[in-house]
Amino acid sequence: MLELSILGFLYERPLHGYELKERIHGLSGHVRPVSDGALYPAITRLVRNGLVDSRTEPGASAAPRRTLSLTPEGRRELLDRLRAPKDAEITDGQRFFTLLAFLGHLPDPADQAAVLRRRQAFLDIPASFFYEDGAPVGAEREPDPFRRGMLRIARATGTAEKAWLAEALEELDRRAGQPS
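So, here's what we can say about the structure.

About the cut-offs
Throughout this document, residue positions are counted from 1 along each chain, in the order its sequence is written. The model is predicted, so local features are restricted to residues of pLDDT at least 70 and side-chain atom pairs to those at 80 or more, both for listing and for counting; the totals for chains, interfaces and linings are taken over all residues. Side-chain measures were taken over the full set of non-hydrogen atoms in the model, leaving aside hydrogen atoms and water. The rule is short: rings of Phe, Tyr and Trp, with Trp giving its six-membered ring, pair when the centres are within 6.5 Å, and they are stacked under 30 degrees, edge-to-face over 60, tilted in between. Strands are runs of DSSP state E lasting at least two residues, helices are runs of H or I lasting at least four, and both sets are numbered from the N terminus onward. Relative accessibility decides the category of a residue: with a 1.4 Å probe and only protein chains considered, values under 20% of the type maximum give buried, values over 50% give exposed, and everything between is partly exposed. Strands pair, by our definition, only if DSSP identifies at least two bridges between them. Here, nonpolar core refers to any group of buried Ala, Val, Leu, Ile, Met, Phe, Trp, Tyr and Cys residues whose side-chain atoms link them within 4.5 Å. What makes two residues a contact is simply this: any of their non-hydrogen atoms within 4.5 Å.

Summed over all chains, the structure comprises two aromatic pairs. Judged by centre distance (4.9 Å) and plane angle (90°), the rings of Phe9 and Phe102 are edge-to-face. Here Phe9, found in helix α1 (residues 2-12), pairs with Phe102, found in helix α6 (residues 93-103); they are 93 residues apart in sequence, far enough to count as distant. Assessed through its relative accessible area of 0%, Phe102 is described here as buried.

This is the structure:
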């Protein structure tokens, strides 16, 4: 997800390394903080693979600053990753949020809708944090008040997300000229 975040933020405009780190931190730092030990090697890989361009510019005070921007190959790579996200980017809530942060960069509403339909299909599969005899345990059957709380919060979140997905898909289908 780190590479997707780097490509996504650089799609919007060139950034200095520190600015990029702050944007990534704002997106997911409370859940998955990004360290310099992860960020800068990822940037180096993207530069080496021709997806990101790095150039050094004079700094505001004295130290030179590295400005990062997407190459045309980087733009294509981002759009490809957005069109065909990995299963974990659909099923993991935080990864899906990262994907959503940049999904608007896809120019075709039908491509955007295809990604949302994958998430919708995933959410339609009955699931729980806890299982009994292979079946998901619902909040009504959970005796532990804390686990019951987890299940109720997850249900409310899932219900809200499903409602949003239905609204977003209706809008995207309308923009793409397709029936819902």
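So, on to the pairing of strand β3 (residues 65-70). Sheet analysis places strand β1 (residues 15-16) next to β3, joined by two bridges and oriented antiparallel. Within the sheet, the bridge partner assigned to His16 lies in β3 and is Thr67. With six bridges connecting them, strand β2 (residues 52-57) and β3 associate as antiparallel partners. Within the sheet, the bridge partner assigned to Val52 lies in β3 and is Leu70.

As a rule of thumb, soluble globular proteins bury nonpolar side chains together. Ile6, Leu20, Leu82 and Leu116 are the most contacted members of the largest nonpolar core, which totals 35 residues. Counting only elements with at least two residues in this core, the list comes to α1, α2 (17-28), α3 (36-48), β3, α4 (72-83), α6, α7 (109-123) and α8 (145-176). When residues in this core are grouped by element, the largest group, five residues, is from α1. Aside from chain neighbours lying at most four places away, what touches Leu82 is Leu4, Leu99, Phe102, Leu103, His105, Leu106 and Val115.

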